[in-house]
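What follows is the residue order along each chain.
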Amino acid sequence: MKKYLDNLIEFLKVENMSGEEKDLVSTIVDKLIQTGLDKKHITIDDANEKIGFGNSGNLIITIPGNIRGYRLLFSAHLDSVKTCKNAIPIIKKDYIESQGNTGLGGDNKAGCAIIFNLLQEIIKNNLPHPPLTFVWMVQEELGVNGSRHINSDCLKDPKMGFNFDGSCDLVTGATGGDEITIKVYGKSSHAGINPEKGINALVTTSTAIANLKQEGWLGLVKKNGVRGSSNLIIANSSKGINVIPDQVTLKGEIRSYSSELRTTIYKKFEQAFLNAIKNEKNTENEIGSLLINSINKYESFILDDSLEVVRLSQKIAHQLSIDDSLVSVNHCVDANWLNEKGIPTITIRNGNEFPHTTKERINIKKFLNSCEFAHRIIATFL
Ligand SMILES: [Zn+2]
């Protein structure tokens, strides 16, 4: 057990901002090679090239089984949010915390360590196991980029997946999300000399946003009993306080389990901006224009509770006195894309608490419990 903690602490000392996962990948790979893993089983895919950003792809390790059985997948994400930069882990009683005023990075180095510990034990002690695939994903925190762009061929067709991440005990559903970009164009003019000749893109934007908020399409969205949410931020705007702003760029996201509701919200956004543009004219009767688009970042999923991956996870949870109720979350996890790619994948807690805050900490008992959870998954198939 001490070894499991030592590995975790070692990982917690490695910087791993999204897109800068290379050092953590090297740490994991070096330690596994020292343990005796054959290099031929190691792949680093080209996800970062497909994303167009990042110093590493996903780390994928596939090992053949030494007993018969179908292939199982274990995953966790490598990156942490910026709050965790320069974190120094310290053990305080039953927890690992960060020493200074930073996050810890337990989200998700705890998950990385859980699946690492499992693989290291298997190699070191030549434990019996079916064929296995281990994946450490990049850029989860940027909107599950790594799992979205994973090279599926490298996974070797696993039958089911176990993703270690987050504080919820068993997650069998997660929302879907679209990313939107909105560009509102107006017309610039000197704000003191000819203000009437300008078309203020910020006014158009404000009008549209106020209407969307008033009609219940911005923030929490509840329509006919279906839940969704939407958010907008200003990505940039024209500069110069003496110039009527002729461009505002907004970024935003729309989330819901229902892709139908997401489409409806998107159409409401488009309509609200077009209406606002029509009503914002200058003295020459000119109006502005709009560019709006959306891309699907991740699709929602809900695992049927009769699936083997769910049933056996509940059984193990029960054995380990972990709450075995099935939870659906309103954020994305790498399991969104693994499920989308046809691998039914459950997400299991990593022992971390208060992620994305400076209060972040790892509950040591829960972390070790999840390490045991991972072992029992394999034991179920012997
Ligand atoms: Zn996470």
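A brief look at the structure comes next. These figures come from a predicted structure and were not determined experimentally. (Residues numbered from 1 in each chain as written. Predicted model: local features only at pLDDT ≥ 70, side-chain atom pairs only at ≥ 80, totals over all residues. Heavy atoms only, no water.)

With respect to the overall build of the chain
Helix and strand content of the chain: 10 helices and 18 strands. Viewed in the frame of its principal axes, the chain has a C-alpha envelope of about 80 × 45 × 40 Å. Residues counted as buried form 53% of the 382 residues belonging to the chain. In the chain, the share of contacts with a sequence separation of at least 24, taken over all contacts with a separation of at least 6, comes to 77%. Accessible surface computed for the chain: about 17100 Å², of which carbon and sulfur atoms make up 49%. Looking at the chain, you have 44 positive and 44 negative side-chain charges, and the mean spots of the two groups are 2 Å apart. (Helix = DSSP H or I, 4+ residues; strand = E, 2+ residues; numbered from the N terminus. Buried < 20%, exposed > 50% of the residue type's maximum accessible area, 1.4 Å probe, protein only. Contact = heavy atoms within 4.5 Å. Areas by Shrake-Rupley, 256 points an atom, 1.4 Å probe, with all protein chains shown as cover. Lys, Arg positive; Asp, Glu negative; His and termini not counted. Charge placed at Lys NZ, Arg CZ, Asp CG, Glu CD.)

Notes on the coordination of the zinc ion
Around the zinc ion, the protein supplies H77 (NE2), D107 (OD) and D165 (OD) as donor atoms, at distances of 2.0 to 2.4 Å. In primary-sequence terms, the residues that donate to the zinc ion follow H-x29-D-x57-D. In this pair, H77 is assigned in strand β3 (residues 72-77) and D165 in the loop between β7 (160-164) and β8 (170-174), connecting sequence segments 88 residues apart. The exposure classification of H77 matches that of D165, with both residues buried. (Donors = N, O, S within 2.8 Å, 3.2 Å for Na, K, Ca; no water.)

Topic: the pattern of salt bridges
Tallied over the entire structure, the rule returns 16 salt bridges. E179 is the salt-bridge partner of K297, the closest N and O atoms lying 3.8 Å from each other. Residue K297 is located in strand β13 (residues 289-298), and its partner E179 is located in strand β9 (residues 176-185); the two are separated by 118 residues in the primary sequence. Look at K297 and you get buried, because its relative accessible area is 12%. Residue class for E179 comes out partly exposed when judged on its relative accessible area of 27%. Salt bridges linked by common partners bring D178, R262 and E299 together as one network. (Salt bridge = Lys/Arg side-chain N within 4 Å of Asp/Glu carboxyl O.)

Considerations on the sheet that holds strand β11 (residues 226-237)
The strand order across the open sheet formed by 5 strands is β10-β11-β12-β9-β13, and the pairing between neighbours is antiparallel. The open sheet has two edge strands, β10 (219-223) and β13, and neither has a second partner. For this sheet, the mean inter-axis angle between neighbouring strands, taken without regard to orientation, is 20°. Two elements, β9 and β13, share 9 bridges in a ladder whose sense is antiparallel. Along β13, the bridge assignment pairs Y185 with S289. Where helix α6 (residues 201-214) meets the sheet, its contacts fall on β9, β11 and β12 (247-256), and the angle it forms with β12 comes to roughly 20°. Contacting β9, β10, β11, β12 and β13, helix α7 (residues 259-279) runs over the sheet at an angle of about 165° to β13. (Pairing = 2+ DSSP bridges. Axes fitted to C-alpha atoms, helices over the stretch in contact; angles between N-to-C directions.)

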